[in-house]
Amino acid sequence: MKHKTYIPLHGHSTYSQGDGVARISDIVERTKEIGANAVGLSEHGNMSSFFKFYKECIENDVKPIIGCELYLNDLYYSDNEQFLEIRQKEKDKTKKAIADNYHQIAYCKNYKGVQNLIHLTNIGFENFYRKPLVSTELLFEKLDNNNIVTTGCLQSVFNRLIVSGKENEALALIKKFYDKFGEDFYLEIIINQLDEQKKCNNFYKKVYEKTGIKPVFATDYHYVDKNDWFIQYLLYVIKGRKSVREYPDSDWFYDVRDLYIKTADEVYALAQKYQVDEDFLNIAIKSTFEIRDKVDIELPLYPDNFPKFNEIEEYSKNQFLEKLNKKWDEKVENELIPSDKLEEYKERLKYEMKVINDKGFIDYFLILDDLLNNFVYKCGGATGAGRGSAPGSLVLFVLDITKIDPIKHSLIFDRFMNPARIDPADIDLDIDSKTQKETENYLKEKYGKNKVCHIANFGKFGAKTAIKDLCRIFELDFNLSNRLTSYFNDLKSVVQIEGELHKAETIASKKNEIDLLKFIEENRSLFTNVGNKFVGMVRQTGRHASGILLSNKTLDRSDIPLLKLKGELVTGVQEGGYEREVAELGYCKL
């Protein structure tokens, strides 16, 4: 009997940069449209979207199935010298293939499984060669019964063996994985027009019949709607800095152009078209629900991943009080605290200290105090007087972390920190740019090079960048496109293009710019129907201007995903603007 729906597994959002073009909100919305109550997401090599995906799913009563499509390369780990020799010098494609990367799908059943997969991907970014690389040995070491593994797509080692006729080797590898993961290992069935995929599906049917290892249906979605293959194609044109004339879609290497989240009826129709046995497909679809039922992920919000200034908590408290008393005496002696208001200041200090202690932020304040008073000020660096809510703290003023007396200026401490606020306090130090790099080096020397990294920033397509890129790749008039986008709002990145076009038309009408009005009208469909698909998608990854992560563990063992950017490890999640992921995951941002 046919299933009315299924759970979409093996998918990519816009955080599979340059390849996936599905916004996370659209993935969740489409999942509900097809009648499903869970969905899987497995980015290429990274876990950058896992927290956004989790929150979006939970908010919409959809169960998140967090995963990753890993890059496996055993040769990189077993013989790095040979790997580099082949990759850099070998011209023969057949010989070069032994150094190829393979794709490997893995999912998380629970929070421990998420931690396992993050740790594994972080090792991959520490061993980066064009892609974050892990090995089969590491996969077996880091993943366990808290994870689910499948045979993946045509680029997996399983399917490459099957396609090349090495079925006995493929069967031996399947047995090896089944011995490790047992009932949490599945034979992945994907339906498309490729002969290689048909060969793999037929082989897995025989394996299932012989061994009982279950198949599971996977969509391998890269976008949400049927016609969005064109958006994926245009993204490749944009990234390749070409035009659609120079790189027509007929030359595009993607043969499969239906990588969207299909309805169950569309899946069955496709199966009939490409001769996939319906009974076998029913079993594979049933496995999608089985995986859903195995998964129960609950991510803690604001766990304590802050570094400790001292291993012994009592020692930190005593040290902090000593520093505070010493600085207090200096402030009183230098008449920076009014002698006629000492009791008022003492009461305020007492209250603040209780809140800081109760919320477990003494180590954080010690870290800031040490950084500024033992390094920045000593080497001649400068900081701002205090920005945001931090100047509301008398403790920070006494410690010289801020320069503003909150009582004198009637500033409220509870805006900065209070017993009801669950997110950690955030203090903008505003260290001068010359001292910033030296500051980062100081942190690495003091806490360990492998515990400190920059925070990433994901630049997204806004209305302006989407229109500029479309005008470039479709070779539209440069001057008119520049004039059009000059009327767009620079500050709002995620805004529908229709509103910006209306604003531009209003300005152009007042200026009697007939040529621009004609340009907008002629290209309106392109700008709105295509352009809006890009708005909110990740365009590039950069570094936060001055945000640094200080981890309580080495980065490879931390529970925060990593990326590699220009040879340097950065966080795989964002902090800034509307994004507070570093803080929400419980980590210290400086």
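The structure under discussion appears in the preceding block.
These numbers were taken from a predicted model, which means no experiment stands behind them.

**Student:** What am I meant to see in unusual backbone geometry here?
**Tutor:** Note on backbone geometry: most residues besides glycine have negative phi, and most peptide bonds are trans. Phi is positive for D61, close to 55°, though the residue is something other than glycine. Among the structural elements, D61 can be located in the loop between helix 2 (50-59) and strand 2 (63-72). Unlike most non-glycine residues, E335 shows phi in positive territory, near 60°.

**Student:** Can you walk me through helix 23 (residues 524-534) in this structure?
**Tutor:** Structurally, the α-helix is built with 3.6 residues per turn, so residues lying three or four positions apart point the same way. L526, F527, T528, V530, G531, N532 and F534 are the residues of helix 23 that are buried. Packed against the buried residues of helix 23 are helix 11 (229-239), helix 19 (463-473), helix 20 (478-486), helix 21 (497-510) and helix 22 (514-522). Taken from the residues just after helix 23, G536 is the one with a positive phi, measuring 95°.

**Student:** Is there a simple way to think about the pattern of salt bridges in this case?
**Tutor:** Side chains that carry opposite charge are capable of pairing whenever their charged atoms lie near each other. Following the criterion strictly, the structure yields 43 salt bridges and no others. The partner of K294 in a salt bridge is D184, and the shortest N-O contact between them spans 2.8 Å. A residue pair is termed long-range when its members are at least 10 positions apart, and K294 in helix 13 (residues 278-294) and D184 in the loop between helix 9 (167-181) and strand 7 (185-189) qualify at 110 residues. Overall, K294 belongs to the partly exposed group, its relative accessible area being 24%. Linking D370 and K446 is a salt bridge whose minimum nitrogen-to-oxygen distance equals 4.0 Å. One end of the pair, D370, is in helix 16 (residues 362-376); the other, K446, is in helix 18 (residues 433-447), with 76 residues separating them in the sequence. By sharing partners, the salt bridges in this structure join K109, D184, K214, E290 and K294 into a single network.

**Student:** Would you mind going over the packing of aromatic side chains with me for this structure?
**Tutor:** How two aromatic rings sit relative to each other is set out by the distance from centre to centre and by the angle between their planes. Summed over all chains, the structure comprises 36 aromatic pairs. Measuring from centroid to centroid gives 5.1 Å for W252 and Y254, while their planes differ by 50°, and the two rings are tilted. Classification of W252 as buried rests on a relative accessible area of 3%. Residue Y254 is classed as buried on the basis of its relative accessible area, which comes to 15%.

**Student:** Please clarify how the environment of F158 should be interpreted in this entry.
**Tutor:** Note on placement: F158 falls in helix 8 (residues 157-163). Its relative accessible area of 0% is what places F158 among the buried residues. Along the backbone, F158 and L173 are 15 residues apart, and their C-alpha atoms lie at a distance of 7.2 Å.

**Student:** Looking at this structure, how should I read helix 21?
**Tutor:** For helix 21, which comprises 14 residues, the first-to-last C-alpha distance of 20 Å matches the rise-based estimate of 20 Å (1.5 Å per residue) to within 8%. If you follow the buried residues of helix 21, they end up packed against helix 19, helix 20, helix 22 and helix 23. N512 sits one or two residues past helix 21 and shows a positive phi near 55°.

**Student:** Please explain the packing of helix 16 against helix 18 as it appears in this structure.
**Tutor:** When two helices pack together, their arrangement is given by the angle between the helix axes and by the axis-to-axis distance. Packing of helix 16 against helix 18 leaves a shortest axis separation of 11 Å and a crossing angle of 120°. Taken together, the axes of helix 16 and helix 18 lie oblique to each other. In this structure, helix 16 crosses over helix 18, and the sense of that crossing is right-handed. For the pair helix 16 and helix 18, the contacting residues are I367, D370, L371, N374, F375 and V376 in the first and T435, E438, T439, Y442, L443, K446 and Y447 in the second. Looking at the contact of helix 16 with helix 18, its residues break down into seven nonpolar, three polar and three charged.

**Student:** I keep staring at the packing of helix 11 against helix 23 and nothing clicks. Help me out?
**Tutor:** Remark: helix 11 packs on helix 23, axes separated minimally by 11 Å, with the N-to-C direction vectors making an angle of 75°. Taken together, the axes of helix 11 and helix 23 lie roughly perpendicular to each other. On the side of helix 11, the interface is formed by I231, L234, L235 and I238, while helix 23 contributes V530, K533 and F534.

**Student:** Can you help me understand the pairing of strand 6 (residues 147-150) in this one?
**Tutor:** On a regular strand, one side chain projects to one face of the sheet and the next to the other, so that they alternate. On strand 6, burial covers both faces: N147 and V149 on one face and I148 and T150 on the other are all buried. Judged from the two bridges that link them, strand 6 and strand 7 form a sheet pairing that is parallel. Its bridge partner lying in strand 7, T150 is registered against Y186.

**Student:** Got a minute to help me understand the pairing of strand 3 (residues 102-108) in this structure?
**Tutor:** Of all seven residues that make up strand 3, six are buried, and the element is covered over most of its length. Bridge count between strand 2 and strand 3: six bridges; the pairing is antiparallel. Counterpart to E69 in the pairing with strand 3 is I105. Pairing of strand 3 with strand 6 involves four bridges; the strand directions are antiparallel. In the strand pairing of strand 6, A106 is matched with V149.

Calculation notes
- Residues numbered from 1 in each chain as written.
- Predicted model: local features only at pLDDT ≥ 70, side-chain atom pairs only at ≥ 80, totals over all residues.
- Heavy atoms only, no water.
- Helix = DSSP H or I, 4+ residues; strand = E, 2+ residues; numbered from the N terminus.
- Buried < 20%, exposed > 50% of the residue type's maximum accessible area, 1.4 Å probe, protein only.
- Contact = heavy atoms within 4.5 Å.
- Salt bridge = Lys/Arg side-chain N within 4 Å of Asp/Glu carboxyl O.
- Phe/Tyr/Trp six-rings, centres within 6.5 Å; stacked < 30°, edge-to-face > 60°.
- Expected span 1.5 Å × (residues − 1).
- Axes fitted to C-alpha atoms, helices over the stretch in contact; angles between N-to-C directions.
- Parallel < 35°, antiparallel > 145°, perpendicular 65-115°, else oblique.
- Left-handed = near helix turned anticlockwise from the far one by under 90°.
- Nonpolar A, V, L, I, M, F, W, Y, C, P; charged D, E, K, R; others polar.
- Pairing = 2+ DSSP bridges.

All quantities given are derived from atomic positions and should not be read as evidence of function.
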